[in-house]
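Geometric and topological summary
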Amino acid sequence: MRRIPVFLPAFFVVFVLLVPHAGAQGIELLVEGSAPIEKGDRLRARQVAMRRALASAAEQVGGTLQATTVQHQGTLQERSSLTGKARILGARIVDERVDKGLLIVRAQVRVEDPLAPAPCGDKPLRKLIVAGFPLQYPERLSPGSYLGWPQDASVRLARRLERGGRLLALAQPQSFIHVTAEQAPELFTRDGVPMALTLARRERAQAVLGAVFRDLGVHERNWLINERRIVLDAYVHDGFTGVLIGRHTFARSVGTLWRSLPARPDLDSDDFVRSDFGQAYYALLEELAQWAEQLVGCQPFGARVLKVEGRKLWLDAGADTGLDAGTEFTITRQLDPPILDLDGQPLGREQAPLSSAVVQGVYPRFAIAETASDKPRIKPGDVLYAY
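Conventions used here
Residues numbered from 1 in each chain as written. Predicted model: local features only at pLDDT ≥ 70, side-chain atom pairs only at ≥ 80, totals over all residues. Heavy atoms only, no water. Buried < 20%, exposed > 50% of the residue type's maximum accessible area, 1.4 Å probe, protein only. Helix = DSSP H or I, 4+ residues; strand = E, 2+ residues; numbered from the N terminus. Pairing = 2+ DSSP bridges. Core = buried A, V, L, I, M, F, W, Y, C linked by side-chain atoms within 4.5 Å. Contact = heavy atoms within 4.5 Å. Axes fitted to C-alpha atoms, helices over the stretch in contact; angles between N-to-C directions. Parallel < 35°, antiparallel > 145°, perpendicular 65-115°, else oblique. Left-handed = near helix turned anticlockwise from the far one by under 90°. Nonpolar A, V, L, I, M, F, W, Y, C, P; charged D, E, K, R; others polar. pLDDT = per-residue confidence, 0-100.

1. A few points about the pairing of strand 11 (residues 207–215)
- Across the nine residues that make up strand 11, a large majority, nine, are buried.
- Direction of pairing for strand 7 (residues 127–131) relative to strand 11: parallel, over a ladder of three bridges. Bridging from a neighbouring strand, Val130 pairs with Leu209 of strand 11.
- Of the strand pairs in this sheet, strand 11 and strand 13 (residues 225–238) are connected by eight bridges, and their pairing is antiparallel. Across the sheet, the residue bridging to Ala211 is Ala234, located in strand 13.

2. Here we look at the nonpolar core
- By size, the foremost hydrophobic cluster in this structure holds 36 residues, and its most contacted members are Leu128, Phe133, Trp149, Leu209, Phe213, Leu288 and Trp291.
- Every element with two or more residues in this core is listed here: strand 7, helix 3 (149–164), strand 11, strand 13, strand 14 (244–257) and helix 6 (276–297).
- The biggest single contributor to this core is helix 6, with 11 residues.
- Residue contacts for Leu209: discarding those within four places in its chain leaves Leu128, Ile129, Val130, Ala131, Phe133, Leu157, Ile177, Tyr235, Val236, Leu288, Trp291 and Ala292.

3. Looking at the packing of helix 3 against helix 6
- Orientation of helix 3 relative to helix 6, taken along the N-to-C sense of each, is 55 degrees, at an axis distance of 10 Å. Put simply, helix 3 runs oblique to helix 6. As for how helix 3 packs across helix 6, the hand of that crossing is right-handed. Here Trp149, Asp152, Ala153, Arg156, Leu157, Arg160, Leu161 and Gly164 of helix 3 lie close against helix 6, whose contacting residues are Phe277, Tyr281, Tyr282, Leu285, Glu286, Leu288, Ala289, Gln290 and Glu293.
- Looking at side-chain class alone, the contact of helix 3 with helix 6 contains 10 nonpolar, two polar and five charged residues.

4. A few points about helix 4 (residues 195–203)
- Those residues of helix 4 that sit buried are Met195, Ala196, Leu197, Leu199 and Ala200.
- Looking at the residues trailing helix 4, positive phi occurs at Arg204, about 60 degrees.

5. As for the confidence of the model for the chain
- Of all residues in the chain, 80% have pLDDT values of 70 or greater, and the mean over the chain is 81.
- Within the model, pLDDT remains below 50 along residues 64–72, and this stretch shows 33 contacts once partners closer than five positions in the same chain are excluded.
- Taken as a whole, residues 75–84 scores under 50 in pLDDT and shows 51 contacts with residues more than four places along the chain or in a different chain.

6. Let's talk about the environment of Lys100
- Mapped onto the secondary structure, Lys100 falls in the loop between strand 5 (88–99) and strand 6 (102–111).
- Overall, the relative accessible area of 83% leaves Lys100 in the exposed class.
- Linking Lys100 and Ile37, residues 63 residues apart in sequence, is a C-alpha distance of 9.6 Å.

7. So, the sheet that holds strand 17 (residues 328–334)
- Spatially, 15-16-21-20-17-22 is the arrangement adopted by the six strands of the closed barrel, whose pairing is antiparallel. With strand direction ignored, the average angle separating the axes of adjacent strands in the sheet is 45 degrees.

8. Thoughts on unusual backbone geometry
- For the bond from Ala184 to Pro185, the omega torsion is 15 degrees, close enough to zero to count as cis.
- Structurally, Pro185 can be placed in the loop between strand 8 (168–172) and strand 9 (189–190).
- One non-glycine residue, Lys100, lies in the positive phi region at around 55 degrees.
- Not every positive phi belongs to a glycine, and Asp191 is a case in point at roughly 55 degrees.
- Mapped onto the secondary structure, Asp191 falls in the loop between strand 9 and strand 10 (193–194).
- A relative accessible area of 78% places Asp191 in the exposed class.

Right, here's the structure in full:
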């Protein structure tokens, strides 16, 4: 059990806990706390009561937040400690009342779900290629509308993933990995090789993300209100096989009264960022980023064999991913034919284990490993996985 001691003035503690964590998910609770109003100081009583409400919320999900009110030179202070896995993500007071000298506050508190799966993304970090996001129906945009959404979304998503630190991300905004927007997630191939695999191999990536704007047009709800919808289908493909490992639809809609939305927004302007549509656009990209982090970060870390000399293997993953000497890999080879679902669609290929290897040396963009077998049946192009 982790124990975090806290000794701060009550007003400061409450301020910290009321700041929400961006993008965090949790459980919503409605809790109460109370405190006596001393010398008519209602503000101080509210702070202490809120502190006790937060303690009640923490206890309901298996944690304990112990708070003791002490008086020092006429000032009430809180000595408190948070024990357990509960983490308070945000809170707000929804009601308060006075009863026989006690101030009672009711608060809506969001706490971390102790049963939620732990986030993935430990080192070595997986690299994700973010391809362009084509528009399925560009004709639905009004004449003169901004048409740079496919490139802008790719670049902004990659930047967000890089800032998050759970994935390495590289935008390829001019590359479209599917045959057409309508046919996604069917992969486009050139010379028999899917474009997604070409990008992944060239950039030493473990996965490739492509998406399609299914809708980005302005629709008339009625004679008063226009509505702009954002509907985005996202697909993540394995960077070694091209198999689809995840798909999800993200959607937002924004309505405006009396006037149409601007046709050519400046996406970096404060006006756009603060607008309803700007907030919906960035919220959608944030949701997409969190989904990609969890999906790709939870995949086994893979590396390609570049060269084989006896028991020594050269791998296409290096220190830039956080790979360390001593990391153990399982060497596999894909088996044919692929496994099909009941509708005949490929689900992937079985991986036959050949041997194991341990990383002996790490360089900025590659590593050298040594196999356990004296005569490994390994060739360039085989894939190693660290589980």
